Amino acid sequence: NEGAELVCMDLFTGIERWRTSVLPPADRSDRVGDPIGPTAVAVDEEDVIAWIGYSLDGGTSETEQVVCLDAGTGEIRWRFDLANTPRIDEPYALYPAGPPVIHDDRVFVIARRESRQGLKSCYLLAIDRSDGTPLSTTYIASTGSQYRDGSLRPLTMPVVEGDQVFVATSIG
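These notes cover the structure that comes with them. (Residues numbered from 1 in each chain as written. Predicted model: local features only at pLDDT ≥ 70, side-chain atom pairs only at ≥ 80, totals over all residues. Heavy atoms only, no water.)

1. Re the overall build of the protein chain
Helix and strand counts for the protein chain come out as one helix and 13 strands. Residues classed as buried in the protein chain amount to 44% of the 172 residues present. Restricting to contacts in the protein chain with at least 6 residues of sequence separation, those with at least 24 account for 48%. When the accessible surface of the protein chain is split by element, carbon and sulfur atoms take 49% of a total near 9,000 Å². (Helix = DSSP H or I, 4+ residues; strand = E, 2+ residues; numbered from the N terminus. Buried < 20%, exposed > 50% of the residue type's maximum accessible area, 1.4 Å probe, protein only. Contact = heavy atoms within 4.5 Å. Areas by Shrake-Rupley, 256 points an atom, 1.4 Å probe, with all protein chains shown as cover.)

2. Focus: the pattern of salt bridges
Enumeration according to the criterion identifies 10 salt bridges in this entry. The salt bridge involving Arg 19 is made with Glu 16; its shortest N-O contact spans 2.8 Å. Under the relative-accessibility criterion, Glu 16 is labelled partly exposed at 38%. Between Arg 129 and Asp 47 there is a salt bridge, with its nearest N and O atoms 2.6 Å apart. Taken together, the residues Arg 129 in the loop between β10 (120-128) and β11 (134-143) and Asp 47 in strand β4 (residues 47-52) connect sequence positions 82 residues apart. For Arg 129, a relative accessible area of 12% puts it in the buried group. Linked by salt bridges that have partners in common, Asp 44, Asp 47, Asp 70, Arg 77 and Arg 129 make up one network. (Salt bridge = Lys/Arg side-chain N within 4 Å of Asp/Glu carboxyl O.)

3. So, unusual backbone geometry
Outside of glycine, negative phi angles account for most residues, and trans bonds account for most peptide bonds. Within the chain, Arg 87 stands out as a residue other than glycine whose phi angle is a positive 60°. Residue placement: Arg 87 occurs in the loop between β6 (76-81) and β7 (95-96). In this structure Arg 87 comes out as exposed when scored by relative accessible area, which is 61%. Here the phi dihedral of Glu 90 falls at roughly 50°; this positive angle occurs in a residue that is not glycine. For Glu 90, the position within the fold is in the loop between β6 and β7.

4. Thoughts on the sheet that holds strand β3 (residues 41-43)
Within the open sheet, the four strands sit side by side as β3-β4-β5-β6. Their pairing is antiparallel. A single partner strand is all that each edge strand has here, and the edge strands are β3 and β6. Each strand of the sheet is rotated relative to its neighbour by a mean of 15°, with strand direction disregarded. Summarising the sheet, β3 and β4 pair through three bridges and their orientation is antiparallel. (Pairing = 2+ DSSP bridges. Axes fitted to C-alpha atoms, helices over the stretch in contact; angles between N-to-C directions.)

Shape descriptors only; they carry no functional weight alone.
Shown next as structure tokens:
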């Protein structure tokens, strides 16, 4: 995951198998910092699922989308914009907070948002793996602003065990 492109390389030869552009050129011009990076990718035999975009100062992201690609070809299957998250106030303020997790027919993602008052809230989203439709949104925790000048945002990822999903977060 290079922020604007996802790349698949052969593990043994290092030869590029495919490269898919996931951000239009207009969205790449204002990038400020590091790509969200390899920590924001989930892969199995069928799918590559990733957050796309670049990290900004304060820990947010310029792009609030998760994208699913065919693992064999790199063809985009679907994308989900966090601004379309149902059952949450101000979904347009959500940004990625850790790598996605593929489990059976679902994709789990952690998202955060910061209110004008500096309150950071964390949510667990379940997305339908086949088409990117949001299935559920669960509030996890909130805390006052945790802006740390010059430091990376703390990332977290859900862990699925049987029929339970576990979430550890730095905000509560």
